[in-house]
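One letter stands for each residue in the lines below.
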Amino acid sequence: MSTRHAHLFDKYQDSTVISRCEQYAHWTLPYLMPDQSEIRGTGRVVVERDYQEVGALYVNNLASKLARILFPTQYPFFQAEASAPLVEHAKKRGIPEAQLRGMFARMEMAANKRLFINSGYAALITALKHLIVTGQVLIYRDQEAGTMTAYGVNQFTTQRDGQGKLIDCILREYTTVAALPVELLTLLRKGTGSRYSNPNASVTKYTRIRRIQKAGGAYYQVTVELDSTPIGEPSRYPEKLCPWICPTWNVIAGDRKSVV
């Protein structure tokens, strides 16, 4: 029997790192490290706003400047080029190289615009704030909805290899019974009695992003559990196309967590 996601979350989490990150956030942007017990119990977060004004100003300004440098709005922030075999194939089909370059340029502009829809740019700035203050962030790109979400270090745990590459990640989120689809409630209520009868009761959702190495290459497998019940079928993504990304501010060789 495989290890439950909740157990892995507790196993991977480093209380010392969390404590330090909470202190850094208290000096700068407290909302980056809210008390998860308050979220689970009431859905609200109490944030102290006493002496962190200067720290908040510095972090906000730095995050905005980094966003403008890394993701400029005036022109594409990346370049796509056709490979030599593709150029030759296009010529055989009557498409000159100049026309092919124009097609790639239009593709770059279209991809660049997608970053700024559905508050995607704001999510990137939030992710940069997490990196500045805590050194690590988990980003999820929902391709169907066209949205992006940034999660703080107190919401997920990670394991990395000696070069800092992500090999396992567990995200923990909280929801309520009333917010779950009927088919999921039916599955959860099997053998649990009245545990999920209260619509306001809290339910913990765990998402695991695990890197699996195979002979033909590596891929990421994503699985979900509600409390301790597996939900749905595993999703698989090529290593370079996984919608879950976990960048760090510094990647230290030999450090399996790579956070400040």
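Here is a short report on the structure shown in this document. (Residues numbered from 1 in each chain as written. Predicted model: local features only at pLDDT ≥ 70, side-chain atom pairs only at ≥ 80, totals over all residues. Heavy atoms only, no water.)

Another point: the packing of aromatic side chains. Going through the model one piece at a time under the given rule, you end up with four aromatic pairs. Between the aromatic rings of Tyr24 and Trp27, the centroid separation amounts to 6.3 Å while the plane-to-plane angle is 45°, which identifies the pairing as tilted. With Tyr24 and Trp27 both in helix H2 (residues 15–27) and three residues apart, the pair spans about one turn of that helix. The class of Tyr24 is partly exposed, set by a relative accessible area of 28%. (Phe/Tyr/Trp six-rings, centres within 6.5 Å; stacked < 30°, edge-to-face > 60°. Helix = DSSP H or I, 4+ residues; strand = E, 2+ residues; numbered from the N terminus. Buried < 20%, exposed > 50% of the residue type's maximum accessible area, 1.4 Å probe, protein only.)

On to the sheet that holds strand S1 (residues 138–142), then. Ordered by their spatial adjacency, three strands build an open sheet running S2-S1-S8, and the pairing between neighbours is antiparallel. Single-partner strands in this sheet number two, and they are strand S2 (147–151) and strand S8 (244–245). When S1 meets S2, the two strands line up antiparallel, connected through five bridges. When the bridges of S2 are listed, Arg141 appears paired with Met148. The strands touched by helix H7 (residues 120–134) are S1 and S2; relative to S2, the strand with the most contacts, the crossing angle is about 15°. (Pairing = 2+ DSSP bridges. Contact = heavy atoms within 4.5 Å. Axes fitted to C-alpha atoms, helices over the stretch in contact; angles between N-to-C directions.)

Closest axis-to-axis distance for the helix H5 (residues 84–92)/helix H6 (residues 97–114) pair is 9 Å, and the angle between their directions is 120°. Taken together, the axes of H5 and H6 lie oblique to each other. When the axes of H5 and H6 are compared, the crossing they make is right-handed. For the pair H5 and H6, the contacting residues are Leu86, Val87, Ala90 and Lys91 in the first and Glu97, Leu100 and Phe104 in the second. For the contact of H5 with H6, the per-class residue count stands at five nonpolar, no polar and two charged. (Parallel < 35°, antiparallel > 145°, perpendicular 65-115°, else oblique. Left-handed = near helix turned anticlockwise from the far one by under 90°. Nonpolar A, V, L, I, M, F, W, Y, C, P; charged D, E, K, R; others polar.)

The method is simple in principle: a probe with the dimensions of a water molecule rolls over the atoms, and the space it marks as empty is what remains. Estimates place the volume of the largest pocket at around 430 Å³. Ranked by the residues each element gives to the lining of the largest pocket, the list is headed by strand S7 (residues 229–238), at five residues. Class assignment for the residues of the lining of the largest pocket results in ten nonpolar, five polar and three charged. (1 Å grid on protein atoms, 1.4 Å probe; cavity = no way out; pocket = protein on both sides within 12 Å on 5 of 7 lines; lining within 4 Å. Points joined across faces, edges and corners; volume = space filled by probe spheres on them.)

The subject of this paragraph is helix H1 (residues 5–12). Within H1, the full set of buried residues consists of His5, Leu8, Phe9 and Tyr12. In a view along the axis of H1, the buried residues occupy a sector of 105°, so they form one face of it. For H1, the exposed residues lying more than 90 degrees away from the buried face are Asp10 and Lys11. Each element contacted by the buried residues of H1 is listed here: strand S3 (156–160), strand S4 (166–176), strand S5 (202–214) and strand S6 (217–226). (Arc of directions from axis to C-beta.)

Fair warning: the whole summary comes from geometry, so function is off the table for now.
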